[in-house]
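Given next are the chains, with one letter for each unit.
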Amino acid sequence: MTAYTAPIRDMQFLLHDLLRISDSGLPGREELDASFTQAVLDAAGQLASEVLEPLNATGDREGCVLENGSVRTPAGFDRAFDAMREGGWTGLDCDPDYGGQGMPYVLNVAAGEMFVSANMAFNMYQGLTHGAYSAIHAHGTDAQKAMYLPKLVSCEWTGTMNLTEPHCGTDLGLLRTKAEPQDDGSYLITGQKIFISAGDHDLADNVIHLVLAKAPGGGEGTKGISLFIVPKFLVNEDGSLGARNAVSVGKLEEKMGIHGNATCVMDYDGARGWLLGDLHKGMRAMFTMMNEARLGVGLQGYAVAEGAYQNAVAYARERLQGRAVTGAENPDGPADPIIVHPDIRRALMDQKSFLEGARALTFWGADLIDRGHQGDAAAEGLVSLLTPVIKGFLTDKGFDSAVQAQQVFGGHGYIEETGMSQFVRDARIPMIYEGANGIQALDLVGRKLAQDGGKHVMAFFEMVKGFIRENEGNEALNADFLEPLKAASKDLQAAAMFFMERGMKNPNDALAGSYDFMHLFGHVALGLMWGRMAMAAQAALDAGTDDPGFYETKLATGRYYMARQLPITATHLARIRSGAAPVMALSAEQF
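The rules behind the values
- Residues numbered from 1 in each chain as written.
- Predicted model: local features only at pLDDT ≥ 70, side-chain atom pairs only at ≥ 80, totals over all residues.
- Heavy atoms only, no water.
- Helix = DSSP H or I, 4+ residues; strand = E, 2+ residues; numbered from the N terminus.
- Rg over C-alpha atoms; globule rule 2.2 N^0.38 Å.
- Buried < 20%, exposed > 50% of the residue type's maximum accessible area, 1.4 Å probe, protein only.
- Contact = heavy atoms within 4.5 Å.
- Areas by Shrake-Rupley, 256 points an atom, 1.4 Å probe, with all protein chains shown as cover.
- Lys, Arg positive; Asp, Glu negative; His and termini not counted.
- Charge placed at Lys NZ, Arg CZ, Asp CG, Glu CD.
- Axes fitted to C-alpha atoms, helices over the stretch in contact; angles between N-to-C directions.
- Parallel < 35°, antiparallel > 145°, perpendicular 65-115°, else oblique.
- Nonpolar A, V, L, I, M, F, W, Y, C, P; charged D, E, K, R; others polar.
- 1 Å grid on protein atoms, 1.4 Å probe; cavity = no way out; pocket = protein on both sides within 12 Å on 5 of 7 lines; lining within 4 Å.
- Points joined across faces, edges and corners; volume = space filled by probe spheres on them.
- Core = buried A, V, L, I, M, F, W, Y, C linked by side-chain atoms within 4.5 Å.
- Pairing = 2+ DSSP bridges.
- Salt bridge = Lys/Arg side-chain N within 4 Å of Asp/Glu carboxyl O.
- Expected span 1.5 Å × (residues − 1).
- Phe/Tyr/Trp six-rings, centres within 6.5 Å; stacked < 30°, edge-to-face > 60°.
- Polar contact = N/O pair within 3.5 Å; in protein donor to acceptor, adjacent residues only side chain to side chain.

Draft legend 1. Highlighting the overall build of the protein. From N to C terminus, the protein includes 18 helices and 11 strands. Rg of the C-alpha trace for the protein: 24 Å, near the compact-globule value of 25 Å for 591 residues, within the 12% margin. For the protein, the spread of C-alpha atoms along the three principal axes comes to 80 × 60 × 60 Å. Relative to its 591 residues, the protein shows a buried fraction of 58%. Nonlocal contacts in the protein, meaning residues at least 24 apart in sequence, comprise 73% of its contacts between residues at least 6 apart. Accessible surface computed for the protein: about 24,000 Å², of which carbon and sulfur atoms make up 52%. In the protein, 49 side chains carry a positive charge and 73 a negative one; their mean positions are 6 Å apart.

Draft legend 2. Inspection of the packing of helix α2 (residues 34-52) against helix α4 (residues 77-86) at higher detail. Contact geometry for α2 and α4: axes closest at 11 Å, N-to-C directions at 170°. In terms of orientation, α2 lies roughly antiparallel with respect to α4. In this structure, α2 contributes Leu47, Val51 and Leu52 to the contact, and α4 contributes Ala80, Ala83 and Met84. Split by residue class, the contact of α2 with α4 holds six nonpolar, no polar and no charged.

Draft legend 3. Layout of the layout of surface pockets. Empty space within the second largest pocket amounts to approximately 1,000 Å³. Forming the boundary of the second largest pocket are 39 residues, of which Glu292, Ile369, Asp370, Gly372 and His373 lie nearest the centre. Contributions of two or more residues to the lining of the second largest pocket are made by α5 (105-139), α7 (282-288), α8 (290-318), α9 (342-373), α10 (377-408) and α12 (437-448). When residues of the lining of the second largest pocket are assigned to their parent elements, the largest contribution, six residues, is made by α5. Among the residues making up the lining of the second largest pocket, the classes are represented as 15 nonpolar, 14 polar and 10 charged.

Draft legend 4. Here's a closer look at the packing of α9 against helix α17 (residues 548-565). The interhelical angle for the contact between α9 and α17, taken along N-to-C directions, is 105°, at an axis separation of 9 Å. The angle between α9 and α17 falls in the class roughly perpendicular. Touching Arg346, Met349, Asp350, Lys352, Ser353, Phe354 and Glu356 of α9 are Thr553, Lys554, Ala556, Thr557, Tyr560, Tyr561, Arg564 and Gln565, all from α17. Of the residues contributing to the contact of α9 with α17, the split by class is five nonpolar, four polar and six charged.

Draft legend 5. The nonpolar core, seen in detail. With 157 residues, the main nonpolar core has Phe363, Trp364, Phe460, Phe517 and Phe521 as its most contacted residues. Of the residues forming this core, the biggest block, 16 residues, is contributed by helix α16 (residues 514-542). Sequence-distant contacts of Trp364, that is, excluding residues within four places in its chain, are made with Leu19, Leu382, Leu386, Phe460, Met463, Leu528, Met529 and Arg532. Listed in part, the 30 residues of the second largest apolar core include Tyr133, Tyr148, Ala285 and Met286.

Draft legend 6. Layout of unusual backbone geometry. Positive phi is not limited to glycine here, since His280 has a value of about 65°. Structurally, His280 is set in the loop between β11 (263-276) and α7. A relative accessible area of 17% places His280 in the buried class.

Draft legend 7. Expanded view of the pairing of strand β7 (residues 225-231). With seven of its seven residues buried, β7 lies for the most part within the structure. Residues Ile225, Leu227, Ile229 and Pro231 of β7 are buried on one face, and the alternating residues Ser226, Phe228 and Val230, pointing to the opposite face, are buried as well. For strand β6 (residues 206-214) and β7, the ladder comprises seven bridges, and the chain directions are antiparallel. Note that in β7 the partner of Ile208 across the bridge is Pro231.

Draft legend 8. Main features of the side chain of His456. Summarising the element assignment, His456 is placed in helix α13 (residues 455-471). The class for His456 is buried, based on a relative accessible area of 5%. The residues contacting His456, other than those within four sequence positions of it, are Gly381, Leu382, Leu385 and Gln451.

Draft legend 9. Region of the structure containing empty space enclosed by the protein. Per the stated rule, a full pass over the model turns up one cavity of 30 Å³ or more. Within this model, the largest cavity holds a volume of roughly 30 Å³. Around the largest cavity, the lining residues are Asn56, Val116, Ser117, Met120, Val304, Phe423 and Asp426. Contributions of two or more residues to the lining of the largest cavity are made by α5 and α11 (420-428). Along the lines of polarity and charge, the residues of the lining of the largest cavity split into four nonpolar, two polar and one charged.

Draft legend 10. Main features of the pattern of salt bridges. Within this structure, the stated rule accounts for 32 salt bridges. Put simply, Lys151 and Glu156 hold a salt bridge, and the shortest N to O gap is 3.3 Å. By relative accessible area, which is 26% here, Lys151 ends up partly exposed. A salt bridge links Glu253 to Lys251; the shortest N-O distance between them is 3.7 Å. A cluster of three or more residues bridged by salt bridges with shared partners is formed by Asp10, Glu113, Glu306, Lys352, Glu356, Arg359 and Lys554.

Draft legend 11. Representation of α16. Helix length check: α16 (29 residues) gives 42 Å between terminal C-alpha atoms against 42 Å at 1.5 Å per residue, within 8%. The buried fraction of α16 amounts to 24 of the 29 residues, a majority that puts the element mostly inside the structure. One or two steps after α16, the chain reaches Gly544, where phi turns positive at roughly 80°.

Draft legend 12. Just the environment of Val211, in detail. Structurally, Val211 is set in strand β6. Here the alpha-carbon distance between Val211 and Asp184, two residues 27 residues apart in the chain, equals 19 Å. The contacts of Val211, once residues within four sequence positions are left out, are Asn162, Thr177, Ile189, Lys193, Ser226, Leu227, Phe228, Val230 and Tyr268.

Draft legend 13. Spatial organisation of the packing of aromatic side chains. Within the structure shown, the criterion is met by 13 aromatic pairs. When the ring of Phe77 is compared with that of Phe122, the centres are 5.3 Å apart and the planes differ by 80°; the resulting orientation is edge-to-face. Pair noted here: Phe77 is in helix α4 and Phe122 is in helix α5, with a separation of 45 residues, a long-range link. Residues Phe77 and Phe122 agree in their burial class; the two are buried. Ring geometry for Tyr187 and Phe228: centres 4.9 Å apart, planes at 55°, overall tilted.

Draft legend 14. The environment of Arg72, seen in detail. Counting through the fold element by element, Arg72 comes out in strand β2 (residues 70-72). The partly exposed category is assigned to Arg72, whose relative accessible area is 37%. Between the alpha carbons of Arg72 and Leu355 there is a distance of 34 Å; along the sequence they are 283 residues apart. Polar contacts involving the side chain of Arg72 include one to the side chain of Glu67, which spans 2.6 Å.

As far as function goes, none of this settles anything; it's purely spatial.
Here it is, written out as structure tokens:
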């Protein structure tokens, strides 16, 4: 059996020591002092560990069942969803005009991490609803907002995004779902969508599908795509539910993990829908929520790994095996706990240093999204650049971290009853959905580096250089943090320069190195986070904190990352500089 304790102390450090959210100058944040956020995080942590986590194994074991056209979720999910709704967690950062609490997105991300760590499959029902809420809030008419948003905020109704079709994943220009206009302004939607998470279930009274389809006159490719609101049950003018729409679940997918979430094939047989946003501009409406959605998936990558790590630490402290090479540390027992062994410490430090850095990067990304919502164009541009890094790097490394946690258990990690297998299986999907990580790397190198004339990546480089210059006088941290960060940043800049010099002549030279570049960028971003956290921790120690143990542990963990993880940037740069020739050397027939 597994257990989970919310890392609230670390979250408070990020919110107040690092991001300093209560004095950030953003409207509405003045009241977000440490006591206020502590109360919010304590309540979220209690829900996560006492209600959601005990259902994690249940959901994995039972899965969802399709019966008579409707999906039944695992035992206990309905009561947990009621508790989620009653606590107001589904609308934490939503617009108060529609029943939300109006908190910053970064606080929603903190609560969301706990819910994902405790039970990722369960949290997806409300997480996807938040995405539908965001799209309608940004692009809906006043009537659409009034009709749908209050119910989505409260999760009385839930939402989905319907993009993928059997023949069409990333290349949405190939989609075949059609939308036929009707005299009353509605459209009849016909087609099939696959891999629709939370596509149907018994947790809410209605499911509001956002469906990409092609209406007449749109032309070829993605330029002809529109986005439509297609409810499971039609909604009357007074907000009550009407007849069942012509949308049904063709089947439930049998998956490697996230068994507690219903992944559906959705069939639309002339289902009535309403245009969301402008006709033939559906991609624009969808991408409104993409930074937020992909940051949420990056969060899933490390949050599942956090749960695995906590259980690996507990096991390493308890499992007796062998003796410490420097002498017995448990002389009254038959053996020492395995946490005394250097290789177990290495595995745990790999996980701990990644997880704390990943949390800092994600919280910073959420803070940038908050600033973007307030009209800060530079913050919006920076988070757009960082989004594929957060999504791709954190989910790749999160999966690796979950595997390391399973490895700590040895053979017991491969046995289902310990729960470690579920962490590994659940951590695998964030690498794939919301754009597979290879696509994230191509997006980073092919689009984001050159976005707005390259000013956002240059701003990131200057941010790193500025941080190093500002803190060079800190002798205590210079060698351990600033020098490694400077070296890694030079590797990142050299890789970007290689793409500029070679990419125009041979685009494959850039694209062959895109995955390495995404990871190189990820390590530098985490290096910057660790540098900032180190400075904040040292400042707290210098000020005479009453919690020195926490800050000393933070510094030691950061030193590990800078010494043992950050140097991999040199390897990534060497791979990038090898160009496309080794990658493209074989013909298709030679594989």
